[in-house]
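# Geometric and topological summary
So you can see what is in the structure, the chains are spelled out below.
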Amino acid sequence: MLAVDVKNIKKTFTSKQDTVEAVKDVSFQVEQGEIFGLLGPNGAGKSTTILMLTTLLSITKGSASILGIDVETQDKQVREKIGVALQDTGIDNLLTGKELFFTTCRLWGYNKSDSEKRTKELLELVGLTEAADRRVKTYSGGMKRRLDLGLSLVHSPEILFLDEPTTGLDPGSRRVLWDEIKRLRDTGVTVILTTQYLEEADELADRIAIIDEGLVVAEGTSDELKASIGGDVITFSFETEGDITKAQQLLTDSVQEKMELRITVEDGASKIPGYLKELTSAGIEVSSVAASKPTLDDVFLEVTGYRLEGADDAVEETPASTRGRGR
Amino acid sequence: MESNRSFLTQLQILTKRLLLRVIRRPLAELPNIFISAFFLFVYDGALGGVFGGSAQGTPFDFANGNFVNFILPVSIVSASVSGGASGIYLVEDIESGVFKRYQSMPISKWAIILAPMLVGALRVLLQAGLIMVIGKIIGADPAVGAVGYFMVLSIAFLWGMGFAGYSVAAGVRSGSSQGAQAASFLFFPALFLAPTFVPREALRGWLATASAYNPTTYVIESMRAIMVDGWITDVISKGYIAAGSFAAITLTFAVISAGKATEKA
């Protein structure tokens, strides 16, 4: 049985002023025990998709099921199967970590002694035993995220939804959380996470769906997505604006990023000498050149026409690409 | 795992959580207690000598010689406005996302909405009870006997729940804790367009007319009957009816508003 089965779901928000299609058409399937990543920029529809799947928003059109249970018509049964840690789910800052775990355990139906036992287990699991008796308002951002994750695990859910679990965390805290998510996957928990970090999707997700403007624009494993581009990426660096402008006229399929031009070709290493000869013949000075396998960043650029991270930085338009959007 | 808790158990757990929040912010409780006690001491100090002493035997002896009995209902009504905190608790949970966390669990939405109202009710009982203890210490003595304390407290409870309902409705409709705090702004005109310092017969002109339409009037008169005059059942029952109706109307409004505001979009 599929852990998650999403078929052409759509979400439209209607107000007196206007109508917004937050999710236009999203479909995907998630097998039990895998980490599935929804990758996309802010406003792409990732969080809205998660809110629909976790029964917190209604689905305008289409259908979705969790372990075969319909999300729209059997929301209470769905909630019993899932754990949820959303971007904007709050944590009561005036309570201690221990009190929060205990209260959540009690709400999930544990009796007092089992709640105490489970609280202890979860505090250890997320590494908060030392801070258990401190009020949450004294916790760091990383500690709060671990607490949030722990609270979503109280009832040992089969499926865990994590909405941008590491946004705003420092690299160390992010790594700790990644390890914990992988460990959960290894124990059989299915994890659906949203992220706007390419590295996170690459590192964590067994499969990735790239979502943009409410649509799934690509789906597959990280390797499959990279292979879909075909060939290698050659990156040329230049010292002057004049050189880069002239080079763009020769390398018409290139994408500019700051003082670099990137081009995707088959067997990149063998083609570098030819490109260099062409550029130097035109009087263009190339400061460095390198060939590499495509990254998820390149995949994102290919399928959406703009970069996900650093989209505010200059990504100049070439005939092969559209302008990067600052999101 | 299935959440097998009954509605009442969920309500109890969520209420306990909010009570912990109240305990962790003791300073938030002080202003209302202070103002209520301030009314009691200042009015008794300023007017008690006249209406509780030298006016005896004159037509102005409406306090029957004990001005604390006469003015205590004003302080009790003031303390009962603390029920207005209910809306703040609920809106804080909505604003912080705690409400959404609970919504993602298989627990009753109504337990999440009613818990802050229940805490508001407990807060009313605590604050009004405290003012009553202070009143007793400085000389209050209900004309109907000791049962009068419980009667006054029960009217205060209903009145406070009215403010609780009002603040919850205002909070969820405005979507902000400032909106919920609007309950306290309603309180001052409600208190002073009433026979606060003298009986209604002594009011004149527009204030006499306004006080006749103000439910606070009947709440205060009811408490005064209990404290000053004794078993005047029609006056006492009007207080229960006014406070009970206020609570029923605003709590219904609150439940409808909160239900709508938390529906799935």
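### Describing the overall build of chain A
- Counting its regular elements, chain A contains eleven helices and 15 strands.
- Seen along its three principal axes, the alpha-carbon backbone of chain A occupies a region of about 80 × 45 × 40 Å.
- Counting all 327 residues of chain A, 55% fall into the buried class.
- Considering only intrachain contacts with a sequence separation of at least 6, the fraction spanning at least 24 residues in chain A is 66%.
- Carbon and sulfur atoms make up 46% of the accessible area of chain A, which amounts to about 14,000 Å² in all.
- One way to put it: in chain A the 39 positive side-chain charges average out to a point 6 Å from where the 56 negative ones average out.

### Some words on the overall build of chain B
- Broken down by element type, chain B carries eleven helices and zero strands.
- Counted from the first residue to the last, chain B has its helices and strands arranged as α-α-α-α-α-α-α-α-α-α-α.
- Expressed along its principal axes, the backbone C-alpha trace of chain B runs to roughly 75 × 35 × 30 Å.
- Here chain B, with 265 residues, has 55% of them falling under the buried criterion.
- The contacts in chain B between residues at least 6 apart in sequence include a share of 77% that link residues at least 24 apart.
- Only carbon and sulfur atoms are counted for the fraction: they give 69% of the accessible area of chain B, which is about 11,100 Å².
- Across chain B, the mean location of the 18 positive side-chain charges is 12 Å away from that of the 13 negative side-chain charges.

### What about the domain arrangement of chain A?
Residue and element names in this part refer to chain A.
- Each assigned domain of chain A is listed with its residue range as follows: domain 1 (4-220) and domain 2 (230-316).
- At the interface, 13 residues of domain 1 touch nine residues of domain 2.
- Between domain 1 and domain 2, the buried area comes to about 910 Å², and carbon and sulfur atoms account for 77% of it.
- At the junction of domain 1 and domain 2, the tally comes to zero residue pairs in polar contact (both at pLDDT 80 or more).
- Of all the elements in the fold, those that place two or more residues in the side of domain 1 that touches domain 2 are helix 7 (198-204), strand 9 (207-212) and strand 10 (215-220).
- Partitioning the side of domain 1 that touches domain 2 into residue classes produces nine nonpolar, two polar and two charged.

### Here's the deal with empty space enclosed by the protein
- Using the criterion set out here, one finds three cavities of 30 Å³ or more in the structure.
- Of the volumes computed, that of the largest cavity is approximately 80 Å³.
- Elements supplying a minimum of two residues to the lining of the largest cavity: strand 6 (82-85) and helix 5 (141-152) of chain A.
- For the lining of the largest cavity, the element with the highest residue contribution is strand 6 of chain A, accounting for three residues.
- For the lining of the largest cavity, a count of residues per class yields five nonpolar, five polar and one charged.
- Among the secondary structure elements, those contributing two or more residues to the lining of the second largest cavity are helix 3 (97-107) of chain A together with helix 5 (98-103) of chain B.
- When residues of the lining of the second largest cavity are assigned to their parent elements, the largest contribution, three residues, is made by helix 5 of chain B.

### So, unusual backbone geometry
Residue and element names in this part refer to chain A.
- Residue asparagine 8 is not a glycine yet carries a positive backbone phi of 50°.
- Among the structural elements, asparagine 8 can be located in strand 1 (residues 4-14).
- The phi dihedral of leucine 67 falls on the positive side, at around 50°, and the residue is not glycine.

### A look at the interface of chain A and chain B
- Each side of the interface is counted separately: chain A has 35 residues, and chain B has 26 residues.
- Of the roughly 3,100 Å² buried between chain A and chain B, counting both surfaces, carbon and sulfur atoms make up 56%.
- It is Leu94, Leu107 and Trp108 of chain A in chain A that bury the most area against chain B; as a group they hold 23% of the surface buried on that side.
- Summed over the shared surface of chain A and chain B, the number is four salt bridges.
- For the salt bridge of glutamate 99 of chain A with arginine 24 of chain B, the shortest nitrogen-to-oxygen distance reads 2.7 Å.
- Inspection of the chain A/chain B interface yields six residue pairs in polar contact (both at pLDDT 80 or more).
- Looking at the side of chain A that touches chain B, the elements with two or more residues in it are strand 1, helix 2 (75-81), helix 3 and helix 5 of chain A.
- Of the residues forming the side of chain A that touches chain B, the biggest block, five residues, is contributed by helix 3 of chain A.
- When grouped by side-chain class, the residues that make up the side of chain A that touches chain B number 13 nonpolar, ten polar and twelve charged.

### Some details on the pairing of strand 6 of chain A
All names here are of chain A.
- Of the two faces of strand 6, the one holding Ile82 and Val84 and the one holding Gly83 and Ala85 are both buried throughout.
- Pairing geometry for strand 6 and strand 7 (residues 159-163), over four bridges, is parallel. Looking at the pairing, isoleucine 82 lines up with isoleucine 159 of strand 7.

### Some words on the confidence of the model for chain B
- The share of residues in chain B with pLDDT of 70 or more is 95%, and the mean pLDDT across the chain is 86.
- Averaged pLDDT values for the elements of chain B fall to 76 in helix 8 (residues 177-192) of chain B and rise to 95 in helix 10 (residues 215-229) of chain B.

### Digging into the nonpolar core
- Counting residues in hydrophobic clusters, the biggest one holds 77 residues, and the most contacted among them are Leu39 and Leu147 of chain A.
- Of the residues forming this core, the biggest block, seven residues, is contributed by helix 6 (residues 109-137) of chain B.
- When residues of this core are sorted by domain, at least three fall in each of domain 1 (4-220) and domain 2 (230-316) of chain A.
- Core analysis: the second largest hydrophobic core is formed by 46 residues, Ala37, Leu72, Ala194 and Ala242 of chain B among them.

### Quick look at the packing of aromatic side chains
- For the coordinates displayed, the defined rule picks out eleven aromatic pairs over all chains.
- Ring plane angle 45° and centroid distance 4.6 Å describe the contact between tryptophan 159 of chain B and phenylalanine 246 of chain B, whose orientation is recorded as tilted. Of the two residues, tryptophan 159 of chain B is situated in helix 7 (residues 147-174) and phenylalanine 246 of chain B in helix 11 (residues 233-261); the sequence distance between them amounts to 87 residues.
- When its relative accessible area of 2% is taken as the criterion, tryptophan 159 of chain B is described as buried.
- Cluster of aromatic residues (ring-pair linked, three or more members): Phe39, Tyr43, Phe192 and Phe197 of chain B.
- Sitting over the ring of phenylalanine 13 of chain A, lysine 11 of chain A keeps its end group 5.3 Å from the ring centre.
- For lysine 109 of chain B, the ring lying beneath its charged end belongs to tryptophan 110 of chain B, and the centroid distance is 5.3 Å.

### A short note on helix 6 (residues 171-186) of chain A
All names here are of chain A.
- Along its 16 residues, helix 6 runs 22 Å from first to last C-alpha, staying within 8% of the 22 Å computed at 1.5 Å per residue.
- Turning to helix 6, its buried residues number three or more, namely Arg174, Leu177, Trp178, Glu180, Ile181, Lys182, Leu184 and Arg185.
- On its buried side, helix 6 packs onto strand 3 (35-39), helix 4 (112-125), helix 5, strand 7, strand 8 (190-195) and helix 7.
- Taking the backbone nitrogen of glycine 172 as reference, a side-chain oxygen 3.0 Å away marks aspartate 170 as the first, capping residue of helix 6.
- Positive phi appears at glycine 188, one or two residues downstream of helix 6, with a value of about 105°.

### Concerning helix 10 of chain B
- Taking 1.5 Å of rise per residue, the 15 residues of helix 10 of chain B would be expected to cover 21 Å, and the 20 Å separating its terminal C-alpha atoms lies within 8% of that figure.
- In terms of burial, helix 10 of chain B is largely enclosed, as 13 of its 15 residues are buried.

About the criteria used
Residues numbered from 1 in each chain as written. Chains lettered and ligands numbered in written order. Predicted model: local features only at pLDDT ≥ 70, side-chain atom pairs only at ≥ 80, totals over all residues. Heavy atoms only, no water. Helix = DSSP H or I, 4+ residues; strand = E, 2+ residues; numbered from the N terminus. Buried < 20%, exposed > 50% of the residue type's maximum accessible area, 1.4 Å probe, protein only. Contact = heavy atoms within 4.5 Å. Areas by Shrake-Rupley, 256 points an atom, 1.4 Å probe, with all protein chains shown as cover. Lys, Arg positive; Asp, Glu negative; His and termini not counted. Charge placed at Lys NZ, Arg CZ, Asp CG, Glu CD. Domains from an automatic or database assignment. Buried area = accessible area lost by both parts, 1.4 Å probe. Polar contact = N/O pair within 3.5 Å; in protein donor to acceptor, adjacent residues only side chain to side chain. Nonpolar A, V, L, I, M, F, W, Y, C, P; charged D, E, K, R; others polar. 1 Å grid on protein atoms, 1.4 Å probe; cavity = no way out; pocket = protein on both sides within 12 Å on 5 of 7 lines; lining within 4 Å. Points joined across faces, edges and corners; volume = space filled by probe spheres on them. Salt bridge = Lys/Arg side-chain N within 4 Å of Asp/Glu carboxyl O. Pairing = 2+ DSSP bridges. pLDDT = per-residue confidence, 0-100. Core = buried A, V, L, I, M, F, W, Y, C linked by side-chain atoms within 4.5 Å. Phe/Tyr/Trp six-rings, centres within 6.5 Å; stacked < 30°, edge-to-face > 60°. Lys NZ or Arg CZ within 6 Å of the ring centre and 35° of its normal. Expected span 1.5 Å × (residues − 1).

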